[in-house]
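Coordinates in review
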Amino acid sequence: ANYLNYYEHARWVMLGEEKIDLESFKSWDRWPVIASVEVQYLKPIFMGDEITIESRILEYRRSSMQIEQKIFKGSSEISIAKIRSVFVDGKGKPAA
């Protein structure tokens, strides 16, 4: 479950680097909701290990996006995740 927390934090960092924050979503009345997560655990990591996370948008559509994320310890690939988010409006209905 910690890997999912790492991925979540890295997604918000990625969005922040693009100047997208909660206020942006509020002004657009579009909110990302995780629809699916696929994670491959390749190697373990342990408390105190230094890791890096790479995040990239694979696909962006009006109503959804798919992000690929990878955790590395040094040059070793630790985990790969594909996350699909859908966009909903402030009432929780699919965003048009």
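This report concerns the structure included in the present document. Residue positions are counted from 1 within each chain, in the order its sequence is given. Restriction of local features to residues with pLDDT of at least 70 applies here, the model being predicted, together with a cutoff of 80 or more for giving and counting side-chain atom pairs; totals for whole chains, interfaces and linings are based on all residues. Only hydrogens and water are set aside when side-chain values are computed; all heavy atoms of the structure are taken into account.

1. Topic: the pairing of strand β2 (residues 52–60)
Filter applied, for reference: Here, strands pair whenever DSSP counts at least two bridges between them. Secondary structure elements are defined from DSSP: runs of H or I of at least 4 residues count as helices, runs of E of at least 2 residues count as strands, and each element is numbered from the N terminus.
In this sheet, strand β3 (residues 64–73) lies alongside β2 in antiparallel orientation, the contact comprising eight bridges. Bridged to R56 within β3 is E68.

2. Some words on the pattern of salt bridges
We count it as follows: Take a side-chain nitrogen of Lys or Arg and a carboxyl oxygen of Asp or Glu: if they are within 4 Å of each other, that pair is a salt bridge. Each residue's exposure class comes from its accessible area (1.4 Å probe, protein chains only) as a fraction of the maximum for that residue type: buried when under 20%, exposed when over 50%, partly exposed otherwise.
Applying the stated criterion to the full structure yields six salt bridges. Note that E68 is salt-bridged to R56, the shortest N-O span being 3.0 Å. With E68 in strand β3 and R56 in strand β2, this pair connects stretches of sequence that are 12 residues apart. According to the relative accessible area criterion, E68 is buried, its value standing at 11%.

3. So, the sheet that holds strand β4 (residues 76–88)
Test applied: Only the stretch in contact is used when a helix axis is fitted, and all axes are lines through C-alpha atoms; the angle between N-to-C directions ranges over 0 to 180 degrees. Whether two residues touch is decided by their heavy atoms; if any such pair falls within 4.5 Å, the residues are in contact.
The four strands lie next to each other as β1-β4-β3-β2, forming an open sheet whose pairing is antiparallel. This sheet does not close on itself; its edge strands, each paired only once, are β1 (31–41) and β2. On average, adjacent strands in this sheet sit at an angle of 20° to one another, irrespective of strand direction. Strands β1, β2, β3 and β4 of the sheet are contacted by helix α1 (residues 2–17), whose axis makes an angle of about 115° with β3.

4. Notes on the packing of aromatic side chains
Quick note on the threshold: Two aromatic rings, drawn from Phe, Tyr or Trp (for Trp, its six-membered ring), form a pair once their centres lie within 6.5 Å of each other, and the interplanar angle then sorts them: stacked below 30 degrees, edge-to-face above 60, tilted otherwise.
Using the criterion set out here, one finds six aromatic pairs in the structure. Ring geometry for Y3 versus Y41: centroids 5.1 Å apart, planes at 55°, classification tilted. You can see Y3 sitting in helix α1 and its partner Y41 sitting in strand β1, a full 38 residues away along the chain. The exposure class assigned to Y3 is buried, which follows from its relative accessible area of 12%. Among the aromatic residues, those joined into a cluster by ring pairs are W12, F25, W28 and W31.

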